[in-house]
Amino acid sequence: MNSSLVHATRLISFALVLSCTGCDGSGMLAATPDKVVPAKASTAQPNVSLLPQLLDMPGLNRQRQLRIYLPPGYAESGDKRYPVLYMHDGQNLFDVATAYAGEWQVDESLNALAKAGKLELIVVGIDNGQEKRITELNPWPDLDSKLGAPEGEAYVNFIVKVVKPMIDSQYRTQAEPAHTGIMGSSMGGLISHYAITRFPSVFGMAGVFSPSYWAGGAPALDHFAGKPAATDARLYLLMGEKEGGNMVSNVEKVNAALLRGGHPPANLSLKITPGAGHNEAFWASEFERAVLWMFAPGP
């Protein structure tokens, strides 16, 4: 089976699991004649909250939940302002009870970094669209008719024109691109890389984990080669050695194209992790290193 079909199959399975058609509405999986499967206990830390209201997504005729992580001591920090990281697949970031296959432990990792005096961030987790996840995170036409009509442009516009203005108005943020990042894995890695090229005046850094460049095919590779991010933007490219198919070769091609296009090596990181596969445990293990590099103080 080629790599595109493998990852498309995983993404479709991901959407089906998250839509939880077997749930009874209470968080408990529906009973079968022989058993009831209890919901997992929440692992979200106290400084993670759900935004009370769902946000309308212009052009997509749907709404979306946000999950907000605030640094420890945010409430007592006076007029202090914080950098912000926007992340996709919000269900997977903070809480094993809502995660697809294990959480990223973003809240635990950032709480530890804050306690050590290394980094304090606001994180905005944007829930994925379940069965719409694949189309929302892909901005390119589906050449093979496997993924559906792309909605990536509308999704990125939602982040830039709805989510970010609301976050900047309600929280003490450092709103400039030098303090604003975007991060995701798989299709989330693809759309994060796209976002930093599409809105260089908004995002100054991108965490591009296991990017599904295959989903956009040659147009995606051509886009990143011909329309690089701003030279002062920081791009953290991550791939597992065992992700299969053309995943590794594609990220190597994109990295080489960025360097040929003049992106400063100091602002570009490519890490291919030996033995790692395409999964949440891998991405969680690399999160701390990535954000420390992305949000390191500039010269």
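Residues numbered from 1 in each chain as written. Predicted model: local features only at pLDDT ≥ 70, side-chain atom pairs only at ≥ 80, totals over all residues. Heavy atoms only, no water.

Q: Would you mind going over the sheet that holds strand S5 (residues 84-87) with me for this structure?
A: Adjacent strands of a sheet pair through backbone hydrogen bonds, lying either parallel or antiparallel. Judged by pairing direction, the sheet is mixed, and its eight strands sit side by side in the order S1-S4-S6-S5-S7-S8-S9-S10 without closing on themselves. Sheet topology places strand S1 (48-50) and strand S10 (268-273) at the edges, where each strand pairs with a single neighbour. The average undirected angle you get between the axes of adjacent strands in this sheet is 15°. Inspection of the sheet shows strand S4 (residues 66-69) paired to strand S6 (residues 122-126) by four bridges, in the antiparallel sense. Across the sheet, Arg-67 pairs through a bridge with Gly-125, a residue of S6. Relative to S4, helix H2 (residues 106-115) is tilted by about 20°, and along the sheet it contacts S1, S4, S5 and S6. In this fold helix H7 (residues 247-260) packs onto strand S9 (234-240) and S10, with an angle of close to 160° to the strand it touches most, S9. (Pairing = 2+ DSSP bridges. Helix = DSSP H or I, 4+ residues; strand = E, 2+ residues; numbered from the N terminus. Axes fitted to C-alpha atoms, helices over the stretch in contact; angles between N-to-C directions. Contact = heavy atoms within 4.5 Å.)

Q: Just checking my understanding: could you explain the pairing of S6 for this structure?
A: In the case of a regular strand, side chains alternate between the two sheet surfaces. Across the five residues that make up S6, a large majority, five, are buried. What you see with S6 is no split at all: Ile-122, Val-124 and Ile-126 on one side and Val-123 and Gly-125 on the other are buried throughout. Across four bridges, S5 lies against S6 in parallel orientation. Across the sheet, Val-84 pairs through a bridge with Ile-122, a residue of S6. One crossover worth recording links S5 to the parallel S6 by way of H2, and it is right-handed. (Buried < 20%, exposed > 50% of the residue type's maximum accessible area, 1.4 Å probe, protein only. Right-handed = clockwise from strand over helix to strand, strands pointing away.)

Q: For this particular structure, what's the right way to read the pattern of salt bridges?
A: Two side chains bearing opposite charge may form a pair once their charged atoms approach each other closely. In this structure the tally under the stated criterion is nine salt bridges. One salt bridge in this structure joins Glu-136 and Arg-62, with 2.8 Å as the shortest N-O distance. Of the two residues, Glu-136 sits in helix H3 (residues 133-136) while Arg-62 sits in strand S3 (residues 62-64), which places them 74 residues apart along the sequence. Comparing Glu-136 with Arg-62 shows no difference in burial state: the two are buried. With its nearest N and O atoms 2.4 Å apart, the salt bridge here joins Lys-80 to Glu-120. (Salt bridge = Lys/Arg side-chain N within 4 Å of Asp/Glu carboxyl O.)

Q: I'm lost on the layout of surface pockets in this one. Help?
A: To find leftover empty space, a probe the size of one water molecule is rolled over the atoms. When its volume is computed, the second largest pocket comes out at roughly 440 Å³. Taken together, 23 residues line the second largest pocket, and the ones lying closest to its centre are Ala-178, His-179, Met-205, Ala-296 and Gly-298. Residue classes in the lining of the second largest pocket are distributed as 14 nonpolar, five polar and four charged. (1 Å grid on protein atoms, 1.4 Å probe; cavity = no way out; pocket = protein on both sides within 12 Å on 5 of 7 lines; lining within 4 Å. Points joined across faces, edges and corners; volume = space filled by probe spheres on them. Nonpolar A, V, L, I, M, F, W, Y, C, P; charged D, E, K, R; others polar.)

Purely spatial values, then, with no claim about function.
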